[in-house]
Amino acid sequence: MFLDRCKKTLLASAVMLGGLCGVAAAQTADTKVLSSQILPKDTYFYMSMPSVEGFKESFEKSSAGHLLADPALEEFKNEVKNAFGDELQEGFSQVQDAVGLTVDELCAIPTGEITIAFSKAPPRSLGVILIMDYGAHESEVRSLLDKATTALNKSDDLEATNVEHDGTELTMYTVTNKDVSSKSPLAKEFGWFLKDERLVASNSSALLKLTLDNWDGTSEKSLKHNNVYAYIMEKCESSPGTGVMTTYVDPVGLFTQLVQTGSLGEAGLGAGMAIGFFPTIGLSQLKGIGSVGEVGTEGFEGISRSFIYSDQPPQAAMQIFQLDVVDPVPPSWVKENASAWMASRWKVNEAYSAIEGLFDMFQGAGSFEKVIDNLSGQGPEVHIKKDVIDQLDGTMQMAMAAADRSSDAASDDMLFAFGVRDNSKFSDLLNKLASQPGFPGETRELSGATIYEIEPPNGQKMSFTVANNQLLIAVGGSQLDQALRNDTDVRPLSESDDFKKVAEHFPAGALAVTFTRPAEQYLRLYDMLRNGEAAENFPGMDELFSKIDFSKLPAFEVIEKYMAPAGGYWIGDENGVMMEQFSLKAE
């Protein structure tokens, strides 16, 4: 078979690309145009690190970098090195034998931006493209490519050709094995070129040529001038060029092009039929999703902003995901021992109407209502619309608290809260469900509320009740009892200094907010590792725990000081929604 005959070829190529992509150092924006100025406007997936050296420098200055450099961690780092040193050395030797360079030499090759993208070149060529700066290491790159071409030229299933375009030589290989090339245009060819200290590789000669046409970065037909991409970058970047990692994807466009170019092969027929329904169900409104990560921004350890670009107002299925403005302050029953708190408000009635409309669109008017009515006559006779949906106000919250350090549980305690309009009606619903034959739980009373508890043989206890216009569902721990008592001897989370510092960055009109204390979330797991209790909670990892003595980790207090509270929010926009996650600087 083709893959068997090309085993050595594929190994050599994989090692080469792995070495080239493993580590990179920086280019500056003023020395070279960025890949977004070179790639075509019709780019459907894009992931780029503009300056890995800048990222490396930022990491070394960050709390995580300071943690790794802390002398208190040295004993454990040596433990890890000793555990895997021989295996790593063997692997490094194999790499050197295969490519003629040490791992350190391979890692020194990249000197700037690394980008991978999925783009279209006219008229119907779709392909993956890799762009990587190699700076002054051209001799090493050419040596690696020479080794790759030597191996590739030995394959009977490949035909080599050199093509010149705009003064640059392209090395191309055509797949002559029809069993492979006939399955998809993506498997018909591949190649690369070197220009201006850059390696560009792709499985589309048309895409390589189009990249050369845009090489000076001035073309208005580049990704930079894609309206959706440009808008997302404007929303996500603090200022142009500040991101250490950029991503962008047009999922609907990518799927459509995969179908229209025949890239899905035989699966394309069914997929093509699905595309026809996209406008009807509203998916064609989704134009793009992008994100930018920044490190060392003033006042923050790091920030990640994402944006979902969608035509407005939402139609059909897109109406299911609508959110309303949420109260950014946790209620008093969420106490300061919470390690995380999240809140949002779902437009539940609009979502139900959208689902009903979609169902009726295919099954006929009134069909969904008939299904719901029929279901209400079965089992416990619960009417999903009248007894559940109409009783929810859309408010959703989750609070997490670190498990007790003496607990056997490996996970945190969680409490979910869903706002209900009528305490009495929803309490009656729970009682009705729990009264069904075979209910596997027990009940108890606390602060005027009936608590239903289910404790599986192998798992954490689940409890649920209705109180204070909330359906409360707890997994493990004692948060539910704490919420019902709402004792004043424990401060609310909203009054804690950590929450106040995070909440300062919540904008007015947020659709969702989050707060986390990473140190408290990691505490229980850290204790389990140090005390040798982790293996029993993580089956299948016995070999790892047998090789590394985790008791050599320093006391948690050493780690804790490098962790700061974090938060996030979602905010509406005329073209979609913007999401930001941030971590404060450790003090």
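Our subject is the structure listed above.
Reference entry: report on the structure contained in this document. (Residues numbered from 1 in each chain as written. Predicted model: local features only at pLDDT ≥ 70, side-chain atom pairs only at ≥ 80, totals over all residues. Heavy atoms only, no water.)

Counting 60 residues, the largest nonpolar core has Ile-129, Ile-232, Leu-484, Tyr-569 and Phe-582 as the members making the most contacts within it. Looking at which element gives the most residues to this core, the answer is helix 10 (residues 227-236), with six residues. Sequence-distant contacts of Phe-582, that is, excluding residues within four places in its chain, are made with Phe-300, Gly-302, Ile-303, Val-502, His-505, Phe-506, Ala-566, Gly-567, Gly-568 and Tyr-569. By size, the runner-up hydrophobic cluster in this structure holds 19 residues, among which are Tyr-134, Leu-144, Tyr-173 and Leu-194. (Core = buried A, V, L, I, M, F, W, Y, C linked by side-chain atoms within 4.5 Å. Buried < 20%, exposed > 50% of the residue type's maximum accessible area, 1.4 Å probe, protein only. Helix = DSSP H or I, 4+ residues; strand = E, 2+ residues; numbered from the N terminus. Contact = heavy atoms within 4.5 Å.)

Enumeration over the complete set of coordinates arrives at 20 salt bridges. For the salt bridge of Arg-198 with Asp-133, the shortest nitrogen-to-oxygen distance reads 2.6 Å. You can see Arg-198 sitting in strand 7 (residues 198-202) and its partner Asp-133 sitting in strand 3 (residues 125-133), a full 65 residues away along the chain. Classification of Asp-133 by relative accessible area gives buried; the value is 1%. A salt bridge links Arg-305 to Glu-294; the nearest nitrogen and oxygen atoms lie 3.5 Å apart. (Salt bridge = Lys/Arg side-chain N within 4 Å of Asp/Glu carboxyl O.)

Structurally, the position occupied by Lys-552 is in the loop between helix 22 (542-547) and helix 23 (556-560). In sequence terms Lys-552 and Ala-274 are 278 residues apart; their C-alpha atoms lie 55 Å from each other. Discounting chain neighbours no more than four positions away, the residues touching Lys-552 are Glu-75, Phe-76 and Glu-79.

Bringing the packing of aromatic side chains into the picture now. One pass over the structure, following the stated rule, counts 21 aromatic pairs. When the centroid spacing of 5.7 Å and the interplanar angle of 70 degrees are considered together, the rings of Tyr-231 and Phe-307 count as edge-to-face. In this pair, Tyr-231 is assigned in helix 10 and Phe-307 in strand 10 (residues 300-310), connecting sequence segments 76 residues apart. What makes Tyr-231 buried here is its relative accessible area of 15%. For Phe-307, a relative accessible area of 0% puts it in the buried group. Between Phe-499 and Phe-515, the aromatic rings sit 5.5 Å apart at their centres with planes inclined by 70 degrees, giving edge-to-face as the arrangement. With a gap of 16 residues between them, Phe-499 in helix 19 (residues 497-503) and Phe-515 in strand 19 (residues 510-516) connect regions that are remote in the sequence. Taking relative accessible area as the criterion, Phe-499 reaches 3% and is therefore assigned buried. We classify Phe-515 as buried; its relative accessible area is 0%. Here the aromatic cluster, defined as three or more aromatic residues joined through ring pairs, consists of Trp-341, Phe-499, Phe-506 and Phe-515. The ring of Trp-215 is capped by Arg-198, whose NZ or CZ atom sits 5.8 Å from the centre of that ring. Over the ring of Tyr-352 we find Lys-385, and its NZ or CZ is 5.5 Å from the ring centre. (Phe/Tyr/Trp six-rings, centres within 6.5 Å; stacked < 30°, edge-to-face > 60°. Lys NZ or Arg CZ within 6 Å of the ring centre and 35° of its normal.)

Burial analysis of strand 3 places eight of its nine residues in the buried class, the great majority of the element. Inspection of the sheet shows strand 2 (residues 114-121) paired to strand 3 by eight bridges, in the antiparallel sense. The partner of Ile-114 across the bridge, within strand 3, is Met-132. The hairpin formed by strand 2 and strand 3 contains three residues between the paired strands. Bridge count between strand 3 and strand 7: five bridges; the pairing is antiparallel. Bridge pairing in strand 7 links Met-132 to Leu-199. (Pairing = 2+ DSSP bridges.)

Before going further, it helps to spend a moment on helix 20 (residues 518-530). If you check helix 20, its first and last C-alpha atoms are 18 Å apart, about what 13 residues at 1.5 Å a residue would give, namely 18 Å. Among the residues of helix 20, Pro-518, Ala-519, Leu-523, Arg-524, Tyr-526, Asp-527, Met-528 and Leu-529 are the ones counted as buried. On the buried face of helix 20, the contacting elements are strand 19, helix 21 (534-537), helix 22, helix 23 and strand 20 (566-573). Just past helix 20, the residue Gly-532 takes up positive phi, approximately 75 degrees. (Expected span 1.5 Å × (residues − 1).)

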